[in-house]
Amino acid sequence: MPAVLFLLTLLGALCSHGQAMTREEKQRLRNQVVEMFDHAYQNYMDHAYPADELMPLTCRGRVRGLEPSRGDIDDALGKFSLTLIDTLDTLVLLNKTTEFEAAVRRVLKDVRLDNDIVVSVFETNIRVLGGLLGGHSMAVMLKEGGQHMQWYQDELLDMAKDLGLRLLPAFNTSSGLPYPRVNLKHGVWGPETRTGTETDTCTACAGTIILEFAALSRFTGDPVFEAHARRAMDFLWEKRQRNSNLVGTTINIHSGEWVRRDSGVGAGIDSYYEYLLKAYILLGDDLFLQRFNIHYASIMKYISQPPLLLDVHIHKPLLPARTWMDSLLAFFPGLQVLKGDIRPAIETHEMLYQVTKKHNFLPEAFTTDFRVHWAQHPLRPEFAESTYFLYKATGDPYYLEAGRTILDNLNRFARVPCGFAAMKDVRTGSHEDRMDSFFLAEMFKYLFLLFADVDDLPFDVEDYVFTTEAHLLPLSLSTAPHASSIPSNKTSEEELDDSNFDWTCPNTRLLFPDPAFPRNLREPIRSAVDKSCPRPAPYREPGMGRPPLRAQDFMANNPEHLELLRRMGVSLIHLKDGRVQLVQHATQAVSAVAAEDGVRFMQEMMELSSQQQKEQLPPRAIQIVSHPFFGRVVLTAGPAQFGTDLSKSSTGVRGFVTVAEPYSGCSEITNAEYVRGRIALLQRGQCMFAEKARHIQKAGAIGGIVIDDNEGSSSDTAPLFQMAGDGRSTDDVTLPLLFLFHKEGNILLEALKEYREVEVLLSDKARDRGVDAQEAEEDCTTEATTPTSFEPVSQSQMSTVELDELAPEEVTPTQEENSPIEEDTSPAEEVSPPEEDASSADQAQPKEERDSEKREEPEGDTDSSSQSVDELLADWREDLEAFKQMEKDEL
């Protein structure tokens, strides 16, 4: 009998409610934001400038061409001091006027825009052109104040126009859609450009130009920029699917054919919708509002499944296109606030907040039952952005607490001595050597505004609109003269239809006179992650309705059961792969009693499913805690299916490492006197994992780390590896054994070679970095100071599980997509066969590439055994190939 896999989302209530935050506490958090910004900005200036970005683990700048290529991600880098330009208006907002003036002088003196380099049109527009225009806006504002920037004569605007002219050749297409890349010196035509052969671009890439280009036109009086941007927007609008009024993710820039027909509000499309609404706000053109409202109605009809936002096919919008969500959609609640649609904004934000509390950060992608799909997090600001806008709309102090959570997690898990490092894996706390410019451009703006009072701000932010990169453009531009010099793509018969307009945003005080209203919307969502507040069964009067449906009786093909679910507020979502997702929303139930029945039904379904679900072990962490690392280097490790379960240990296992002899660990350890009381390093191969563990345990080791002998293997590209037993009882193995791929293992071996005494912590995830360690780093002491606190970080547990539910006539699930084994969504774990620890076995295949796109690998991979620790850290493979499209869209 075929089985249907149910993904359950249990939505319930929380026991306690938040309280108002004092003015003093808000001020303390505001000051903390400023201190964190100073830490990031000063380390960029000290260690990276004039490079485009800071590499915070190795304390140096990222210069394109000098570091291993990361593929499309590097298209944002143009050797134009990207981070400094992206940060200009942040300096002013944070009341750092002196630093701003110095930064402007540096930009004018040092930055060149005529480099022979190919850059992303999208990234260069939002980050560099937007940064120059935001800096110009601030410089003009300060000059008019009469105290600062009195020498300023529109130099940043001149640079902005120069850059705009260098981007214009990309728009030389029959459709008006820009090429995705342009050579800053040579344009797009000719062999010297090394570009101009692309045929596709993402919708957001072509539709996120209008704010910057229109502002440039109105600042300079040259209409050509705005005209080209409008033409691109008009073409995208004309190519929308007319029945669903949705747009696809990728489009052919010449023919206008949709290359990818999936539609959502995340990667590839996100800022196209954002710029439609904000173009109306900035420019006052009603046509943009009309188009946005038409799109928005379709989004809420097809894509929005509160609190979820699921991609669909533009031609079949009732058919989901995928079963996971990417982190870029976290901006959407903030856009809904600008639209005035507060209720779904509250619901989606709460879902995102619960995912954040579970994983400390939003994973790059997570499944519809809120598990990790892609584990990276490059310090994205979208969740902070929506948190700020919701606080502005509701005044609910709950969102201040959400902001505090963001601050705490950044300091506890991402802060390193030279800045803030992106998370390589939110499950283990491991880092990437990157700090993208948008972290300074956006994150600290929104967090500062969240905690700041009106008196703390140097100007009225209501006079400005935020671009997608959070650059500030003055609303006064709506009255600036403008004209179009290029014919528009819009049809002449297109007229404004009043039925599609929401002319004003609703007054939230009139909408929600009850201050508890936002809380009431959030409560049914919280227990999707937190089951700590069980609710008693409701009292049911005798004779009042039929008994509720029980989980063990439910059949998905029974119409009567489906009607009972509907009355309980439980809806079914049929997923593309044959699975069915159940979502319970208390506010959609026919009565309070029915809502309680729905909650209990979901709880029973989860308990039923847990009996059928095979437990999958998550990755573990190896944290180097001795000098000079102090817990800042975290390596992703594979677990063993035997020995100490580190997930049940509050402290983990901590000790110094030593190489066992023989290195294979396949016979009695000959250097037992050195292994005793330490963590033994072993090489994979020649015998069973359990046999290695028994030998080092007999020698007195307190733990073991097996290092892969397949040269070049890395957790970046290989699925998670679990070590199996030897086919017989392994109860005698009582120490923890973890597995490191070759690249991560070499980092540990090189550290041991260089520093002799290397102490590590084996745990289920990275622990807090202690205060003593931080002080030791800051003081640059030569004596090792170990962290004083390694308390585990508390996380709410997931209340959603998978269920194989047998039913008479259910749809046979389609074959699962070939997803990375290490991800929570994989149907099975990569387990070493019990017959052998076969080092000669086939190498695990790389993770699935997003959108089937290939990334070029850097040539001449250096033998890592001859590299120093710093070089090894710098040589970490930066990103999964699956993120290529997401990074292209300013993920």
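Residues numbered from 1 in each chain as written. Predicted model: local features only at pLDDT ≥ 70, side-chain atom pairs only at ≥ 80, totals over all residues. Heavy atoms only, no water.

Student: Can you lay out the side chain of R404 for me, pointing to particular residues and giving the numbers?
Tutor: Relative to the assigned elements, R404 resides in helix α14 (residues 398–414). For R404, a relative accessible area of 19% gives the class buried. Apart from residues lying up to four places away in sequence, R404 is in contact with M21, E25, R28, L29 and F451. (Helix = DSSP H or I, 4+ residues; strand = E, 2+ residues; numbered from the N terminus. Buried < 20%, exposed > 50% of the residue type's maximum accessible area, 1.4 Å probe, protein only. Contact = heavy atoms within 4.5 Å.)

Student: So what's going on with the sheet that holds strand β14 (residues 365–367)? Residues and values would help.
Tutor: The pairing of strands in a sheet comes from backbone hydrogen bonds and takes either a parallel or an antiparallel form. The antiparallel open sheet is built from 3 strands, whose spatial order is β13-β14-β15. With one partner strand each, in any of the chains shown, β13 (324–326) and β15 (372–374) form the two edges of the open sheet. Averaged over all adjacent pairs, the angle separating strand axes in this sheet is 30 degrees, with direction ignored. (Pairing = 2+ DSSP bridges. Axes fitted to C-alpha atoms, helices over the stretch in contact; angles between N-to-C directions.)

Student: Give a detailed account of the state of the cysteines, specifying residues and quantitative values.
Tutor: Under the defined criterion, the tally for this structure stands at 3 disulfides. Paired by a disulfide, C202 and C205 hold their sulfur atoms 2.1 Å apart. A torsion of 90 degrees about the S-S bond marks the disulfide between C202 and C205 as right-handed. Accessibility expressed as a relative area gives 5% for C205, which makes it buried. Two residues share a disulfide in this structure: C666 and C687, whose sulfurs sit 2.0 Å from each other. Its S-S torsion of about -85 degrees marks the bond between C666 and C687 as left-handed, since a negative value means left-handed. With C666 in the loop between β26 (653–659) and α20 (672–675) and C687 in the loop between β27 (679–683) and α21 (689–698), the pair connects residues that are 21 residues apart, well separated along the chain. C687 shares its class with C666; the two are buried. (Disulfide = S-S within 2.5 Å.)

Student: Break down the nonpolar core for me, with residues and values.
Tutor: Grouped burial of nonpolar side chains is what soluble globular proteins tend to show. Counting 173 residues, the largest nonpolar core has F100, L410 and F420 as the members making the most contacts within it. If you tally residues by element for this core, the top one is helix α4 (residues 121–145), at 11 residues. Each residue touching L410, except ones within four places of it in the same chain, is listed here: M36, F361, L379, R415, F420, F439, M443 and L447. In terms of nonpolar packing, the next biggest core, distinct from the first, is built from 23 residues, I696, F721, L735 and L737 among them. (Core = buried A, V, L, I, M, F, W, Y, C linked by side-chain atoms within 4.5 Å.)

Student: Describe the packing of helix α7 (residues 210–220) against helix α8 (residues 224–238), and please don't skip the residues or the numbers.
Tutor: Contact geometry for α7 and α8: axes closest at 7 Å, N-to-C directions at 155 degrees. Classified by the interaxial angle, the pair formed by α7 and α8 is roughly antiparallel. The interaxial crossing formed by α7 with α8 has left-handed handedness. Contacts between α7 and α8 involve I210, F213, A214, L216, S217 and R218 from the former and V224, F225, E226, A229, R230 and M233 from the latter. Split by residue class, the contact of α7 with α8 holds 8 nonpolar, 1 polar and 3 charged. (Parallel < 35°, antiparallel > 145°, perpendicular 65-115°, else oblique. Left-handed = near helix turned anticlockwise from the far one by under 90°. Nonpolar A, V, L, I, M, F, W, Y, C, P; charged D, E, K, R; others polar.)

Student: Account for the environment of L113, with residues named and values stated.
Tutor: Relative to the assigned elements, L113 resides in the loop between α3 (97–110) and β4 (118–120). Classification of L113 by relative accessible area gives buried; the value is 5%. Sequence separation of L113 and V128 is 15 residues, and the distance between their C-alpha atoms is 10.0 Å.

Student: Describe the pairing of strand β28 (residues 703–707), and please don't skip the residues or the numbers.
Tutor: Summarising burial for β28: 5 of the 5 residues are buried, a large majority. With burial as the criterion, each face of β28 is covered, one bearing G703, I705 and I707 and the other bearing G704 and V706. Where β27 and β28 come together, 5 bridges link them in parallel fashion. The residue of β28 that forms the bridge with L681 is I705. Crossover connection from β27 via α21 to parallel β28: handedness right-handed. Bridging between β28 and strand β30 (residues 737–740) involves 4 bridges; their strand directions are parallel. The residue of β30 that forms the bridge with V706 is F739. (Right-handed = clockwise from strand over helix to strand, strands pointing away.)

Student: Residues and numbers for helix α12 (residues 342–359), please.
Tutor: Under the 1.5 Å per step criterion, the end-to-end length of α12 is 26 Å for 18 residues, consistent within 8% with the ideal 26 Å. Counting buried positions along α12 gives 16 out of 18 residues, so the element sits mostly inside the fold. Residue N360 follows α12 closely and has a positive phi angle near 75 degrees. (Expected span 1.5 Å × (residues − 1).)

Student: Could you give an account of the sheet that holds β27, with specific residues and numbers?
Tutor: If you walk across this open sheet you meet the 7 strands as β25-β24-β31-β26-β27-β28-β30, and the pairing is mixed. Pairing within the sheet leaves two strands with one partner each, and these edge strands are β25 (633–637) and β30. Taken over all neighbouring pairs, the strand axes of this sheet differ in orientation by 35 degrees on average, direction set aside. Here strand β24 (residues 620–624) runs beside strand β31 (residues 759–763); their pairing, made up of 4 bridges, is antiparallel. Across the sheet, residue A621 finds its bridge partner in β31, namely S763. Against the sheet, helix α22 (residues 742–755) engages β24, β25, β26, β27, β28, β30 and β31, with an angle of about 105 degrees to β30.

From the geometry alone we can't say anything about function, so treat these as descriptive.
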